[in-house]
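The chain contents come next:
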Amino acid sequence: MLKLFRIELRKQVTSSTFWIIIVLHAVVLVLVAMNFRSLLQNANIIVNNAPDLDLALKPILRFPDVWQNLTYIAGYFKIILALIVITSVSNEFAYGTARQNVIDGLSRLDWLLSKIGLAKVLALFSTLIVVGIGLSLGLSGGEQVPFVDILERMDYVLAYFIELVVYFIYALFLALLLKRTGISIILLLVYDIILEPVFSWFVPGKLSNFLPMNTLDHLNTFPFAKYIGEPTYTIVGWEQMAIAVGYGLAFGLFAYLVLKVKDL
Amino acid sequence: MQKVLTTEGLTKQYGSIRALDNLNISVCKGDVYGLLGPNGSGKTTTMGILLGITNAKSGTYSWFESGHGHQMRRRIGATLDKPNFYPHLSGIENLALVADIKDIKIPNIRAKLEMADAAKFARRKFHTYSTGMKQRLAIAATLLGDPEVLVLDEPTNGLDPEGIADVRELILKIAQEGITVIMSSHLLDEVQKVCTHVAVLRSGQKLYEGQVHSLLAGNDGIDIAADDMAQLRRVLGSFAGLEALEDKHGVLKVRLKDGFKASELSSFLITNGIDITHFAHHKASLEQEFLNLLSQNRA
C-alpha cells in the first residue's frame, strides 16, 4: 500500500490543479467557519421559525456542538475535493497513462487501490482541516474547556471522514465509468440534486433513507433545529455509518468490475 | 531454445468485427520479432492483449512460460500506440514513476536517457516535447530495469531519418545483448534490417510466421538483357544454377538456386560469348514478400 501511495503522490504533488483545489477547499472551509453565525442567522429555518433568535447566545461554535455543526456545513463542500478524484481518473484515460501504468506492471486492482488511497488521503486532509478549525473555534472563547467536552460528539468527525471517503469512491466510480471530467462532474451533481430526490418519491417510506446520497446525508442530519427547540439527532447513527461503509465497498467493487471488464 | 512468449488461439471481437482470429505465435529468447500487417490487421490488438490492457475473447498466452500476471509485465519494457506520460511531470519524473511501478531499486535513469538520446531534454515538462522527443523518452522508459523483453509499437513513429537510424542501431545493440525484442512497424525496410523473425497478420489472421531470411530465401532476382536475346536465353538454359526464368518487358528475370552467386552467372555468360547490355542484381525485399503474401491471401 505504501508503494501505491508513493506512486499516486508522485502523480499529484507537481500538479498545479491538485494544489489549487486543495487550497481552495481549505480556504472555503476557513471562510465559512469565520462567517458561520451570520450565514446561519440568514438561514431559512431561523428566519421563518425564530426571527428573533440571537445565535450569538447559542453554543454553535462551542464544544461539543461545534463538531456536529462544523462537519455538517463542511459536508457541502466535499464536491470541491471530489474534483481532484474525478480529474485524476479521467486524465489518466485522456493521457493514456492508466494503460501505461498497467503495461509497466501495475495490476488493475493496484491501480484502483492507488486511487482509493488518494480518496482516503483527501478525506483525511479535509477532516484534519475541520478538526483544526473546530479546535480553534472551540477554544477561542477564553474559558477553560474540560478535555472530555472536546472529545464529546467527535463521532461526527469520524462520520465526516467516512462520508467523504464514500463520496470520493462514488466519484471515482463515475469517473471510471464515463472517463470524461465534465460529464462525470455533471452526473455527480445531477444525481445528488435531481435524480436521487426524484427516486426518493418512488421508493416507499423510510427505504428512501437508504439511497446512497441520503445515506450520507443521514450521517449528520440538519443540526441547527435544536436551537429553535426542534428535536435533533446529537449522536451518529451507527447503523447509518455501517450502511455508508457498505456503499463505499459496493462502489469500490463496481469500480473494480468496470476496470476489469473494459479494455483500457 | 527458451520460449519467451507463446499464444494459443487468441481471439478478440469488437462487436461484429473479429479483430484477432485464433492467433498462435511463439517468440524465443534473443529473437527480434516483427509483427507486420496493414492497418486493422490486429497488430496493436495483439500487443494490447499481451500487455494486459485488452481483454481477449478467448485463447491464452504465456510470458516466460510462466503465465501472464502483472509480475510478468515488470520483466518487460513496453510502449504501445503512442508514448503515454504525465504532461505536468518532467521526463525524469515520469521515468522515476515507471521505476516505482516496476519496483526497480536502482533505476539508473540517467544512463537510460542517454542510451535513448533523451538526456538533454529530460528536465523539461513532458507537455513541451515534440513527437520525436516523446518517442525517445518512451524508449528510455522501456529500457528501465534492464528488461528481458522489449515490446515496441511503431518505435520510429515521429522520428526523422537520423532518429530512425539511431533507433535501429539501438534495437540492434539491445538484441546483441540477448534481449528479446517484439516490435511492429510500417517501415518494412527497417524491419528487414533489424528483425530475425516476423509474423504477418491480415484481418486478425496469421499469414506467415518464421525467420526473415526464410521468407526472403531464393527470392533474389537478376535482370539481364543482351544484344542477342535468343542466344542469351539458350545460354541461360544451360547454366546449372538456374532456378527460374521469366521474360518481362524485354528483360530476362532470373532466379538462382541456393549456393549460386550472381558473379558466377555473369562470368558464365561472358565465357559463352554473350554481349551483356544490362545486368542488375536486386536483393529480395521484405516489402515485396509482404505484398506477395497479402495478395496471395486476398486471391
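From a predicted model like this one, the values you see are computed outputs, not experimental measurements. (Residues numbered from 1 in each chain as written. Chains lettered and ligands numbered in written order. Predicted model: local features only at pLDDT ≥ 70, side-chain atom pairs only at ≥ 80, totals over all residues. Heavy atoms only, no water.)

### Describing the overall build of chain B
At step 1: Scanning chain B for helices and strands turns up 11 helices and 14 strands.
At step 2: For chain B, the spread of C-alpha atoms along the three principal axes comes to 70 × 45 × 35 Å.
At step 3: The proportion of buried residues among the 299 residues of chain B is 52%.
At step 4: Considering only contacts in chain B between residues 6 or more positions apart, those separated by 24 or more positions represent 67%. (Helix = DSSP H or I, 4+ residues; strand = E, 2+ residues; numbered from the N terminus. Buried < 20%, exposed > 50% of the residue type's maximum accessible area, 1.4 Å probe, protein only. Contact = heavy atoms within 4.5 Å.)

### Let's talk about the overall build of chain A
At step 1: Counting secondary structure elements, chain A contains 13 helices and zero strands.
At step 2: Compactness check: chain A gives a C-alpha radius of gyration of 20 Å against a globular reference of 18 Å for 264 residues, within 12% of the reference.
At step 3: Projected onto its principal axes, the C-alpha coordinates of chain A cover approximately 65 × 45 × 30 Å.
At step 4: Evaluated residue by residue, chain A yields a buried proportion of 52% over its 264 residues.
At step 5: Within chain A, counting contacts between residues at least 6 apart in sequence, those at least 24 apart form 79% of the total.
At step 6: In the structure as shown, chain A presents an accessible area of about 12200 Å², 70% of it carried by carbon and sulfur atoms.
At step 7: In chain A, which carries 19 positive and 18 negative side-chain charges, the distance between the mean positions of the two groups comes to 12 Å. (Rg over C-alpha atoms; globule rule 2.2 N^0.38 Å. Areas by Shrake-Rupley, 256 points an atom, 1.4 Å probe, with all protein chains shown as cover. Lys, Arg positive; Asp, Glu negative; His and termini not counted. Charge placed at Lys NZ, Arg CZ, Asp CG, Glu CD.)

### Things to note about the sheet that holds strand β13 (residues 251-256) of chain B
All names here are of chain B.
At step 1: The strand order β12-β13-β11-β14 describes an open sheet built from four strands, whose pairing is antiparallel. Because the sheet does not close on itself, it has two edges, and the strands there are β12 (242-248) and β14 (276-282). Strand-to-strand, the axes of this sheet are offset by a mean angle of 20 degrees, without reference to chain direction.
At step 2: Judged from the three bridges that link them, strand β11 (residues 221-226) and β13 form a sheet pairing that is antiparallel. Among the inter-strand pairings, Asp223 is bridged to a residue of β13, identified as Lys253.
At step 3: Contacts from helix α9 (residues 229-237) reach β11, β12 and β13 within the one sheet, and its direction differs from that of β11 by about 135 degrees.
At step 4: Sheet contacts for helix α10 (residues 262-271): β11, β13 and β14; angle to β14, the most-contacted strand, approximately 170 degrees. (Pairing = 2+ DSSP bridges. Axes fitted to C-alpha atoms, helices over the stretch in contact; angles between N-to-C directions.)

### Concerning the packing of aromatic side chains
Residues and elements named next belong to chain A.
At step 1: Following the criterion strictly, the structure yields 19 aromatic pairs over all chains and no others.
At step 2: Here the aromatic rings of Phe63 and Trp67 are separated by 5.7 Å at their centres, their planes lie at 40 degrees, and the arrangement is tilted.
At step 3: A centroid spacing of 5.0 Å and a plane angle of 45 degrees characterise the contact between Tyr170 and Phe251, whose relative ring orientation is tilted. On the criterion of sequence distance, the pair formed by Tyr170 in helix α10 (residues 155-178) and Phe251 in helix α13 (residues 238-261) is long-range, its members being 81 residues apart.
At step 4: Taking the relative accessible area as the measure of exposure, Tyr170 reaches 5% and is therefore buried.
At step 5: Feature note: the residues Tyr167, Phe168, Tyr170, Phe173, Tyr191, Phe199, Tyr247, Phe251 and Phe254 constitute an aromatic cluster, connected by ring pairs.
At step 6: The ring of Tyr167 carries Lys78 above its face, with NZ or CZ at 4.8 Å from the centroid. (Phe/Tyr/Trp six-rings, centres within 6.5 Å; stacked < 30°, edge-to-face > 60°. Lys NZ or Arg CZ within 6 Å of the ring centre and 35° of its normal.)

### Things to note about the domain arrangement of chain B
Reports of interface size often rely on the accessible area that becomes lost once the parts have come together.
At step 1: Its domain assignment divides chain B into domain 1 (3-215) and domain 2 (218-283).
At step 2: Taking only C-alpha atoms into account, the centre of domain 1 of chain B sits 43 Å from that of domain 2 of chain B. (Domains from an automatic or database assignment.)

### Side note on the environment of Tyr160 of chain A
Residues and elements named next belong to chain A.
At step 1: Relative to the helices and strands, Tyr160 is located in helix α10.
At step 2: Here Tyr160 falls in the buried class, since its relative accessible area comes to 1%.
At step 3: On a C-alpha basis, the gap between Tyr160 and Gly75 in space is 7.1 Å, while along the polypeptide they are 85 residues apart.
At step 4: Non-local contacts of Tyr160, meaning those with residues more than four positions away in its chain, are made with His25, Leu29, Thr71, Ala74, Gly75, Ser126, Thr127 and Val130.
At step 5: A distance of 2.7 Å separates a polar atom in the side chain of Tyr160 from a polar atom in the side chain of Ser126. (Polar contact = N/O pair within 3.5 Å; in protein donor to acceptor, adjacent residues only side chain to side chain.)

### What to know about the pairing of strand β7 (residues 149-153) of chain B
Residue and element names in this part refer to chain B.
At step 1: Of all five residues making up β7, five are buried, and the element is well covered by its neighbours.
At step 2: Where burial is concerned, the two faces of β7 agree: the one with Val149, Val151 and Asp153 and the one with Leu150 and Leu152 are both buried.
At step 3: With four bridges connecting them, strand β6 (residues 76-79) and β7 associate as parallel partners. Directly across from Thr79, in β7, lies its bridge partner Leu152.

### Considering the state of the cysteines
At step 1: Enumeration over the complete set of coordinates arrives at zero disulfides over all chains.
At step 2: This cysteine, Cys28 of chain B, is not joined by any disulfide, and Cys195 of chain B carries the nearest cysteine sulfur, 15 Å off. (Disulfide = S-S within 2.5 Å.)

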